[in-house]
Amino acid sequence: MPPLTRTVLARLGGMLLTLFLASVVIYSAVLLTGDPIAALAGGAKPTPELIEQIRAAYHLDDPLWSRYWQWLTSAVQGDFGRSFVYKTEVMTLLAPRFGLTLQLVLLTVLIILVFGVGSGVVAALRGGAVDRTVAVLTSLGMALPTFVVAILLIWIFAKTLGWFPVYGEGGGGWDRLWHLVLPAVSLAVLFIAYLSRVTRSALVAQVHSEHVETARVRGIPRSRIFRVHVFRNAAPQILAISGTTIAGLFAASAIAEVAFGLGGIGSLLVQAAARADLPVVQIVSLLLVTIFVVLNAIADLCSALIDPTSVAGGKAA
């Protein structure tokens with residue numbers, strides 16, 4: 001079996017196992033943190049008759065493993081259950097909110113890749129004062145929590161300068177984009193700093209490697225050395241970190257969505273957890289884990305495609 005095929009199958013098997021274990025943990029943990037009967041009763045003190053009706057309707061008297069299996073098989077088939085609080089299908093709640101979160105994440109990814117990879121490349125190639133300046137800025141970026149960055153951005157660019165809206169998601173098109181700029185920047189700062197440092201370290205390691213020195217001695221143009229011998233060899237490490245970063249943004253988006261009043265899946269998860277809306281908490285948590293695992297697997301496979309020798313090396317080892 002070719003090494004790349006074996007890698008794909010191994011990643012797929014590991015992904016499915018991770019998702020299965022995550023679903024078990026999510027379902028069990030969420031049930032232990034809230035009282036579904038109180039949530040289903042709408043906050044009122046339930047009568048014995050109402051308790052019996054709720055238990056029968058939601059199969060609460062069935063064994064835990066039976067309820068878990070019914071929940072999992074329904075979720076795989078696209079039936080995510082019914083919200084305790086909103087009294088509607090969870091899918092109906094998720095569909096429009098996921099689109100908003102996806103737009104926020106895509107804008108954030110664009111900002112991270114441009115400024116994170118860009119600053120790392122500049123720091124690695126220029127060195128000296130430029131490298132030290134980037135190091136100071138990235139240290140500051142990694143030290144500031146996202147909610148602090150959000151507050152600073154609102155104060156400076158929304159309240160003081162009035163360049164951007166403070167709250168809400170806009171009406172679509174350019175208005176939506178304009179509303180998402182500050183939330184995206186607040187999310188991006190920490191990840192820009194991290195990706196910049198990873199990019200710089202990966203490139204510096206390649207710049208001082210033996211094969212790059214050999215290329216210089218042979219008189220190969222500097223631009224070609226950087227493109228073929230430096231950046232290409234550093235790309236798998238940068239791509240792996242980028243994949244993890246993008247995957248983590250879906251979960252981290254909750255902070256920005258709450259701070260800026262955006263109705264995405266992150267803010268939905270926060271609201272559902274506060275109101276003990278168990279079906280929503282379970283499905284959103286499972287969705288976030290699925291996104292994280294799948295994107296990481298894709299990043300690993302892309303790294304293997306860029307650098308097939310890493311797969312072959314793993315085989316030789």
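An account of the accompanying structure is given in this report. (Residues numbered from 1 in each chain as written. Predicted model: local features only at pLDDT ≥ 70, side-chain atom pairs only at ≥ 80, totals over all residues. Heavy atoms only, no water.)

**Re the nonpolar core**
Thinking step 1. Grouped together as the largest cluster of nonpolar side chains are 63 residues, with contacts concentrated most on Trp-71, Leu-94, Ile-112, Val-280 and Val-284.
Thinking step 2. When neighbours within four sequence positions are excluded, Val-280 is seen to be in contact with Ser-83, Val-90, Leu-93, Leu-268 and Ala-272. (Core = buried A, V, L, I, M, F, W, Y, C linked by side-chain atoms within 4.5 Å. Buried < 20%, exposed > 50% of the residue type's maximum accessible area, 1.4 Å probe, protein only. Contact = heavy atoms within 4.5 Å.)

**Overview of the packing of helix H10 (residues 222-259) against helix H11 (residues 265-274)**
Thinking step 1. Relative to each other, H10 and H11 sit at 85°, their axes nearing to 7 Å. With respect to H11, the element H10 is oriented roughly perpendicular. Contact residues: H10 offers Ser-253, Ala-254, Glu-257 and Val-258, while H11 offers Ile-265, Gly-266, Ser-267 and Val-270.
Thinking step 2. When grouped by side-chain class, the residues that make up the contact of H10 with H11 number four nonpolar, three polar and one charged. (Axes fitted to C-alpha atoms, helices over the stretch in contact; angles between N-to-C directions. Helix = DSSP H or I, 4+ residues; strand = E, 2+ residues; numbered from the N terminus. Parallel < 35°, antiparallel > 145°, perpendicular 65-115°, else oblique. Nonpolar A, V, L, I, M, F, W, Y, C, P; charged D, E, K, R; others polar.)

**Observations regarding helix H5 (residues 90-126)**
Thinking step 1. With 37 residues, H5 extends 52 Å between its outermost C-alpha atoms, agreeing within 8% with the 54 Å of an ideal straight helix rising 1.5 Å per residue.
Thinking step 2. The largest bend along H5 measures about 25° and falls at Arg-97.
Thinking step 3. One or two residues past the end of H5 sits Gly-127, with phi positive at roughly 65°. (Expected span 1.5 Å × (residues − 1). Bend = angle between axes of the 7 residues up to and from the residue.)

**Some remarks on the pattern of salt bridges**
Thinking step 1. By the definition in use, this model includes two salt bridges.
Thinking step 2. Ionic pairing is found between Glu-89 and Arg-82, a salt bridge with its closest N-O pair at 3.7 Å.
Thinking step 3. Between Asp-131 and Arg-200 there is a salt bridge, with the nearest N and O atoms lying 2.8 Å from each other. Here Asp-131, found in helix H6 (residues 128-143), pairs with Arg-200, found in helix H8 (residues 173-207); they are 69 residues apart in sequence, far enough to count as distant. (Salt bridge = Lys/Arg side-chain N within 4 Å of Asp/Glu carboxyl O.)

**Focus: the side chain of Thr-108**
Thinking step 1. Along the polypeptide, Thr-108 turns up in helix H5.
Thinking step 2. A distance of 2.7 Å separates a polar side-chain atom of Thr-108 from the backbone oxygen of Leu-104.
Thinking step 3. Setting aside residues up to four positions removed in sequence, Thr-108 forms contacts with Ala-184, Leu-187, Ala-188 and Leu-249. (Polar contact = N/O pair within 3.5 Å; in protein donor to acceptor, adjacent residues only side chain to side chain.)

**Considerations on the side chain of Ser-267**
Thinking step 1. Note that Ser-267 resides in helix H11.
Thinking step 2. A residue is classified by how much of its surface remains accessible, and Ser-267, at 4% relative accessible area, is buried.
Thinking step 3. Only 3.0 Å separates the side chain of Ser-267 from the backbone oxygen of Gly-264, close enough to count as a polar contact.
Thinking step 4. Setting aside residues up to four positions removed in sequence, Ser-267 forms contacts with Arg-97, Ala-254, Glu-257, Val-258 and Leu-262.

**Some details on the packing of aromatic side chains**
Thinking step 1. All chains considered together, the criterion is met by eight aromatic pairs.
Thinking step 2. For the pair Phe-157 and Trp-163, a centre-to-centre distance of 5.9 Å together with 45° between the ring planes defines the contact as tilted.
Thinking step 3. Judged by centre distance (5.9 Å) and plane angle (40°), the ring pair of Phe-226 and Phe-231 falls under tilted.
Thinking step 4. Judged by relative accessible area, which is 29%, Phe-231 ranks as partly exposed.
Thinking step 5. Taken together, the ring pairs in this structure connect Phe-20, Tyr-27, Tyr-68 and Trp-71 into an aromatic cluster. (Phe/Tyr/Trp six-rings, centres within 6.5 Å; stacked < 30°, edge-to-face > 60°.)

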